[in-house]
Amino acid sequence: NTLAQGYALRNVEHTIYSTAAERDFFVNRYHFDPARTSIIPVGYCDRFRRLDRAASRAKTGLTGNPVIIWVAFLQRRKNPLLVLDAFKDVAEKFPEARFYMIGAGEMEGEARRKISTDPVLSRTAVLKGFIPNQEIPEYLNSADIYVLASHNENWGISIVEAMACGCVPVITNLPASQIISDG
């Protein structure tokens, strides 16, 4: 509830944000003193770094030209069905393109149905489901493009991890994305 959130932010002693843009958004929206805030940037694990792409693809089995990957929960706020619709357009123009969704969640069934019932997606998109976190760097290193279409993200750590592995991000225009991309 926006009213309750504003009341809480105006009346707490101190709040912590991961970026100045995130803090500024809340300060401007709810009109509270920015002196009562701190910024503590989020880091990422050094397992997320560039590896040999061919070796990573051999380990993961990902193929395609380009390989496009999603690594996120399958939640409405992350728009997985919109991403599948967009990828279908890409696949029709670039028949060797492949899309891999890694993640589980409330929309997994809908995403699986969409992939299995669409003639283009059924041959070009794969929902891998849950993959253990320690294996994600190999998958990101197998990909050319990382995609995320969230309605909101407090801090896009998965975007930073994908970029550290050499992926080009295709993401929505959110405050966290603007910080990562320098505007």
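What counts, and at which threshold
The written sequence of each chain sets the order in which its residues are numbered from 1. Per-residue local features are limited, in this predicted model, to residues with pLDDT of at least 70; the limit for side-chain atom pairs, both in listing and counting, is 80 or more; totals at the level of whole chains, interfaces and linings are taken over all residues. Excluding hydrogens and water, the side-chain figures rest on all heavy atoms present in the structure. Between Lys or Arg on one side and Asp or Glu on the other, a salt bridge is scored when a side-chain nitrogen of the former is within 4 Å of a carboxyl oxygen of the latter. The secondary structure listing takes helices from DSSP runs of H or I that are at least 4 residues long and strands from runs of E that are at least 2 residues long, numbered from the N terminus. Three labels apply to residues, based on accessible area from a 1.4 Å probe with only protein chains included: buried if under 20% of the type maximum, exposed if over 50%, partly exposed otherwise in between. Strand pairing is assigned whenever DSSP detects at least two bridges linking the two strands. Helix axes are fitted to C-alpha atoms over the stretch in contact, other axes to C-alpha atoms as well, and angles between N-to-C directions run from 0 to 180 degrees. The contact criterion used is simple: two residues touch if any of their non-hydrogen atoms lie within 4.5 Å. The definition of a right-handed crossover adopted here requires that, viewed with the strands pointing away, the path from the first strand over the helix to the second runs clockwise. The directions considered for the arc are those from the helix axis to the C-beta atoms. What we call a nonpolar core is a set of buried Ala, Val, Leu, Ile, Met, Phe, Trp, Tyr and Cys residues that are connected through their side-chain atoms within 4.5 Å.

A. Highlighting the pattern of salt bridges. Inspection of the entire model under this criterion finds eight salt bridges. One salt bridge connects Asp144 with Arg57, and the closest N-O pair in it is separated by 2.8 Å. Here Asp144, found in the loop between helix H7 (136-142) and strand S6 (145-148), pairs with Arg57, found in helix H3 (residues 53-60); they are 87 residues apart in sequence, far enough to count as distant. Residue classification places Arg57 among the partly exposed residues on the basis of a relative accessible area of 21%. Salt bridges here are not isolated pairs; linked through shared partners, they connect Arg53, Arg57 and Asp144.

B. Looking closely at the sheet that holds strand S5 (residues 125-129). As summarised here, the arrangement of the five strands in space is S5-S4-S3-S6-S7, forming an open sheet in which the pairing is parallel. Both edges of this open sheet fall to S5 and strand S7 (168-171), since each of them pairs with a single strand only. Strand-to-strand twist of the sheet, defined as the mean angle between neighbouring strand axes without regard to direction, takes the value 25 degrees. Its contacts with the sheet place helix H8 (residues 157-164) against strand S3 (67-71), S6 and S7, and it is angled at close to 175 degrees to S6.

C. Inspection of the pairing of S3 at higher detail. Across the five residues of S3, five count as buried, placing the element largely inside the fold. In S3, alternate side chains face the same way, and those of Val67, Ile69 and Val71 on one face and Ile68 and Trp70 on the other are all buried. Across five bridges, the pairing between S3 and strand S4 (residues 98-102) is parallel. Within S4, the residue paired with Val71 across the bridge is Ile102. In this fold, S3 hands off to helix H4 (residues 80-93), which returns the chain to S4; that crossover is right-handed. Looking at chain direction, S3 and S6 are connected through two bridges and run parallel. Bridged to Ile69 within S6 is Tyr146.

D. Spatial organisation of helix H2 (residues 20-30). For H2, the full list of buried residues reads Glu22, Arg23, Phe26, Val27 and Tyr30. The buried residues of H2 occupy an angular sector of 130 degrees when the element is viewed end-on, so they sit on one face. If you follow the buried residues of H2, they end up packed against helix H1 (2-11), strand S1 (15-17) and strand S2 (37-39). Once H2 ends, the next one or two residues include His31, with phi positive near 55 degrees.

E. Just the nonpolar core, in detail. In terms of nonpolar packing, the biggest core is built from 39 residues, with Ile69, Trp70, Leu84, Phe87, Phe99, Leu140 and Tyr146 touching the most fellow members. Those elements that provide at least two residues to this core are S3, H4, S4, helix H5 (108-117), S5, H7, S6 and H8. Excluding anything up to four places from it in sequence, Leu84 contacts Phe99, Met101, Ala111, Lys114, Ile115, Leu121 and Ala125. If you look at the next biggest cluster of nonpolar residues, it comprises six residues, including Tyr17, Phe26, Val27 and Phe32.

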